[in-house]
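Residue-level structural notes
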Amino acid sequence: EKSECVSLSPMREAVPAPLEYERVCVFGTGDMGRSLGLRLLQAGYGVVFGSRRPHSSSLLPHRAQVLGHAAAAQSAHLIFIAVQREHYDFLVPLANQLKGKVLVDLSNNLRKNQYPEANAEYLQSLVPGAEVVKGFNTLSAWALQNGPSDANRQVYICGESAEAKQAVMAVATKLGFSALDRGSLSAAWELEDFPLQLFPQWRLPLRIAIGLCAAFFFYLLIRDIIYSYITQGKDISFRIMVSLANKVCPIVSLIMLSLCYLPGVLASFLQLYRGTKYRRFPDWLDRWMLCRKQLGLLALGFAFLHVLYTLIIPIRYYVRFKSTERTVSLIRENRTTEFDTTMAWRGDSYLSLGILGFGLYVLLGITSLPSVSNALSWREFSFVQSKLGHLTLLLCTAHTYLYGWNKFLRSSTYKWYTPPGYMLCLVLPSVVLLLKLLLITPCVDRTITRIRQGWERGADQ
Ligand code: HEM
């Protein structure tokens, strides 16, 4: 295989390209054109650059040929257009040479909806005799020079002619990328929008996180700080910085962790209800399932903040002041306090459950990294993400229930008839855990397993 000879080491540059190498042409001698040309050469292609000034292009790879546009266009069937859209006009006079050629449009825009039609469609309208294929635009010059890695192995292409797309896909494969056909040229605007999107899978989880943080921040602000100011005239606004933050963070974390596992449970119930796995989930459930990883990682971030905030509790001025004041007043009143074993058990238990929960939480985060998850079999990955994931949720929920302890039953807990934040945040994880418990009871589990293996209710009659 020729493609296996591809190497990035300079040593290989001296090896002559095979005699029967295929020629491709690159228009454009900017970063993108040069990197693409180099990579094509390394993959064993003969490369001809088309340039306005063929004699002054000293930065080009030395094994490439540099010709004027017309001569370059004539020399190859496949032509990569690595030129900004504003300069496409130079192609119009080349219509004759470009007839029947495959033009690959690599261009990108600076912002969305910059032009009324996609760059590739505009190119096709300028050179109607050629076959335009949109592709490779999601790669950067840097990625091209360094060769594909796990994260950017995929390239998208689209175009009208199946043969033209085949030719472009063959080149992509030889360069070490896997090409994904996204359909006709009308999909080009979508491909051109890809590089402009900023963390698309993170958008929904981030919105959820910000929404939850804002909602709980104001809820706790009213319940804790404004309540104390109005009913007792005490200003405890300093608590916003640590106490309030150390409530908002774990609350949001626990809710987002349950949001991570809720769609899976809902999907199982849907399959159980429908009696088959061969029907698509509703779109909202699909989209929700696809952002579970991001939900989980954000939740881990909030749990991490909670742990950091908890670690600094003993060095807080307020905490040290309170504890000294208590000791002094005990001495002054010549009183002692009894050691309460139950409280010791309760305190140690909820802290220990929190620590165990956090430990597993971190494990879940690590196994969601592509380099780690790629090294796991599907069985191992689903064991960690599903079994250990639900165990994490259980531990964190138990941590919070134990933290609440007997406060659930005390009426003084419910200031202004509202429950504390941690009680509100327990609703969702408790529901998820209960539903999960139902799903793992033997008779339900048996049916689910049969459905997942392809069995359909009513199909065997
Ligand atoms: C509350 C410790 C991990 C959820 C607390 C509190 C402490 C604590 C000391 C009481 C805070 C206060 O008095 O204001 C720890 C430790 C952890 C840990 C040491 C691990 C190293 C977690 C994890 C979660 C979690 C992983 C899950 C998301 C909560 C919740 C509360 C809480 C919801 C109640 C917050 C409130 O007061 O409204 N934790 N925790 N904790 N923790 Fe943790």
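Under an unreviewed UniProt entry, the protein chain has the name Metalloreductase STEAP4 and belongs to Coregonus suidteri. Recorded in UniProt for the protein chain, the comment headed Subcellular location (unreviewed entry) runs: "Endosome membrane". If you open the UniProt record of the protein chain and go to Sequence similarities (unreviewed entry), you find "Belongs to the STEAP family."

Section: the UniProt feature "domain: Ferric oxidoreductase" (unreviewed entry) in the protein chain
Under the UniProt annotation, "domain: Ferric oxidoreductase" (unreviewed entry) lies at residues 251-384. Annotation note: span residues 251-384, helix share 79%, strand share 0%, distance between end C-alpha atoms 23 Å.

Structural notes on the nonpolar core
Counting residues in hydrophobic clusters, the biggest one holds 55 residues, and the most contacted among them are Cys25, Ile79, Phe80, Ile81, Leu103 and Val104. Broken down by element, this core gets its largest block of residues, five residues, from helix H1 (residues 31-42). Once you skip the residues sitting within four places of it in the chain, valine 104 turns out to touch Leu78, Ile79, Phe80, Ile81, Val133, Gly135, Phe136 and Val168. In terms of nonpolar packing, the next biggest core, distinct from the first, is built from 32 residues, Ala209, Ile251, Met256 and Leu257 among them.

Quick notes on the domain arrangement of the protein chain
As far as domains go, the protein chain holds domain 1 (2-196) and domain 2 (200-452). Of note, the centres of domain 1 and domain 2, computed from C-alpha atoms alone, are 50 Å apart.

Here's the deal with the site of the ligand
Neighbouring residues of the ligand: 26 residues in total, closest Pro250, Ser253, Gly354, Cys396 and Tyr422. Contributing elements (two or more residues each) for the shell around the ligand: helix H9 (245-274), helix H11 (292-311), helix H13 (341-367), helix H15 (378-404) and helix H16 (421-439). The element that contributes the greatest number of residues to the shell around the ligand is H9, accounting for seven residues. Split by residue class, the shell around the ligand holds 15 nonpolar, ten polar and one charged.

Conventions and cut-offs
- Residues numbered from 1 in each chain as written.
- Predicted model: local features only at pLDDT ≥ 70, side-chain atom pairs only at ≥ 80, totals over all residues.
- UniProt positions renumbered as here; feature names shortened; annotations may be inferred.
- Helix = DSSP H or I, 4+ residues; strand = E, 2+ residues; numbered from the N terminus.
- Core = buried A, V, L, I, M, F, W, Y, C linked by C-beta atoms within 7 Å.
- Buried ≥ 20, exposed ≤ 12 C-beta atoms within 10 Å, placed from the backbone.
- Contact = placed C-beta atoms within 7 Å.
- Domains from an automatic or database assignment.
- Near = placed C-beta within 6 Å.
- Nonpolar A, V, L, I, M, F, W, Y, C, P; charged D, E, K, R; others polar.

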